[in-house]
Amino acid sequence: MNAGSGSNKAAGLMEALTGRLREAGLPYEILLCRRPRMLSTLIVRAVEEAGRRNGIVVAAGGDGTIRSAAQQAMLAGLPFGVLPLGTFNYFARDNGLPQDPIDAVAALIAGVRAGSERPVQVGQLNDQIFLVNASLGLYPQLLEDRESFKRRYGRSRMVAKWSGLVSLLRRDTEMLLRLEYEGSRQTHGADVMRACTLFVGNNALQLGQVGLTEGEDMHQGQLAVLALPPMNVKERLTVALRGMLGKLKGAEGIENFFCRNLTVEPLARQHRRRVKVAMDGEGAWMRPPLVFRVAPKPLRLVVPPPEQGSA
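Residues numbered from 1 in each chain as written. Predicted model: local features only at pLDDT ≥ 70, side-chain atom pairs only at ≥ 80, totals over all residues. Heavy atoms only, no water.

Here we look at the overall build of the protein chain
Looking only at helices and strands, one finds 9 helices and 16 strands in the protein chain. Sorting the 311 residues of the protein chain into buried and exposed places 49% on the buried side. In the protein chain, the proportion of contacts linking residues at least 24 apart, taken out of those at least 6 apart, comes to 71%. Accessible surface computed for the protein chain: about 15700 Å², of which carbon and sulfur atoms make up 50%. (Helix = DSSP H or I, 4+ residues; strand = E, 2+ residues; numbered from the N terminus. Buried < 20%, exposed > 50% of the residue type's maximum accessible area, 1.4 Å probe, protein only. Contact = heavy atoms within 4.5 Å. Areas by Shrake-Rupley, 256 points an atom, 1.4 Å probe, with all protein chains shown as cover.)

Structure follows, in structure tokens:
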């Protein structure tokens, strides 16, 4: 459980979770992460204990925390549960899981009791998975600014959107990229392009909100790719406004397509050794080439049984 996720939701969820698990008679152990540097160690411990006890791994936090825990759970072949505590919770929302912490606990317990699982498509960037999206260019810089705003003004969707607007006014980037991709019908493509952002999505809800897809392609072994050309401030603001209105598709200069595999090679000298990327809202440095693909195995997501549904 990431104690820093959301708007002080962790304390209330801890109380509800322990009470409900005791009532249900389910054995459990809660590992509370109070500092970001503790997260990876606690995830490894949780996965080891779940494997030893024939249990499941549950991540309580935002999309970044969930991604990190899901990576290790998948490597161990374990079922995975989610209690959403983040700002946007795209992964949980896209999978129909309750957003209210109390309802989320009830849904988790029902799923555990019924042994109810759903295989969920996962994206992969080199050796790391992503559940919602992965990107390079301007978008990772915006996420970095967003974290700075959150530390100053608190965690909320309004703060996140305001920080993005401020960043668009002062941030700028341009990359020269070589792209090679494989489509869903054995089609191949290659191109060299200048871009400010390359965005690869695995979440139908997020893409649908900005008007890029209805989501019908997201569960057919494909990823959505969005490439934005270099833009001035006015053009960046226009694209951001179209995204907020759900009308991004068809915007001038934007490339948008679906594929199973995508290899990206930065051609500029400063980007050849390492590139700043973002996965599910958290930044990292990676060595090119960057290979995006649908992970060969799905995530075993614990969901409430069909008769209960979700809130």
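A look at the packing of helix 2 (residues 39-52) against helix 3 (residues 63-76)
Relative to each other, helix 2 and helix 3 sit at 35 degrees, their axes nearing to 10 Å. The way helix 2 lies across helix 3 gives a crossing that is right-handed. Contacts between helix 2 and helix 3 involve L39, I43 and V47 from the first element and T65, S68, A69, Q72, A73 and A76 from the second. Along the lines of polarity and charge, the residues of the contact of helix 2 with helix 3 split into 6 nonpolar, 3 polar and no charged. (Axes fitted to C-alpha atoms, helices over the stretch in contact; angles between N-to-C directions. Left-handed = near helix turned anticlockwise from the far one by under 90°. Nonpolar A, V, L, I, M, F, W, Y, C, P; charged D, E, K, R; others polar.)

Observations concerning the layout of surface pockets
Roughly 930 Å³ of volume is contained in the second largest pocket. Along the walls of the second largest pocket sit 34 residues, with Y28, E29, I56, V57 and V58 positioned nearest its centre. Going through the elements one at a time, helix 1 (9-24), helix 2, strand 1 (57-61), helix 3 and helix 5 (101-114) are the ones with two or more residues in the lining of the second largest pocket. The element that contributes the greatest number of residues to the lining of the second largest pocket is helix 2, accounting for 7 residues. For the lining of the second largest pocket, the class distribution of residues is 26 nonpolar, 4 polar and 4 charged. (1 Å grid on protein atoms, 1.4 Å probe; cavity = no way out; pocket = protein on both sides within 12 Å on 5 of 7 lines; lining within 4 Å. Points joined across faces, edges and corners; volume = space filled by probe spheres on them.)

Some thoughts on the nonpolar core
Counting 30 residues, the largest nonpolar core has F80, V82, F91, L131, L299 and L301 as the members making the most contacts within it. Breaking this core down by element, the ones donating at least two residues are helix 2, strand 1, helix 3, strand 2 (80-84), helix 4 (90-94) and strand 16 (299-302). No other element matches the 5 residues that helix 2 contributes to this core. In terms of nonpolar packing, the next biggest core, distinct from the first, is built from 25 residues, A227, F257, V275 and V277 among them. (Core = buried A, V, L, I, M, F, W, Y, C linked by side-chain atoms within 4.5 Å.)

Here's the deal with the packing of aromatic side chains
Under the criterion given, the structure shown has 2 aromatic pairs. Measuring from centroid to centroid gives 5.6 Å for F88 and Y90, while their planes differ by 5 degrees, and the two rings are stacked. Each member of the pair, F88 as well as Y90, is classed as buried. Above the face of the W285 ring, R274 is positioned so that its terminal group lies 4.0 Å from the ring centre. (Phe/Tyr/Trp six-rings, centres within 6.5 Å; stacked < 30°, edge-to-face > 60°. Lys NZ or Arg CZ within 6 Å of the ring centre and 35° of its normal.)

Details of the sheet that holds strand 14 (residues 282-286)
Within the open sheet, the 6 strands sit side by side as 11-10-9-6-13-14. Their pairing is antiparallel. This sheet does not close on itself; its edge strands, each paired only once, are strand 11 (255-259) and strand 14. Neighbour-to-neighbour, the strand axes of this sheet turn through a mean angle of 20 degrees, independent of strand direction. Sheet topology note: the strand 13 (residues 275-279)/strand 14 ladder contains 5 bridges and is antiparallel. Pairing of V277 across the sheet is with A284, part of strand 14. (Pairing = 2+ DSSP bridges.)

Remarks on the pairing of strand 6 (residues 133-137)
In terms of burial, strand 6 is a largely internal element, 5 of the 5 residues being buried. Along strand 6, one buried face is formed by N133, S135 and G137 and the opposite face, lined by A134 and L136, is buried too. Two elements, strand 6 and strand 9 (residues 197-201), share 5 bridges in a ladder whose sense is antiparallel. Looking at strand 9, one finds that A134 is bridged to V200.

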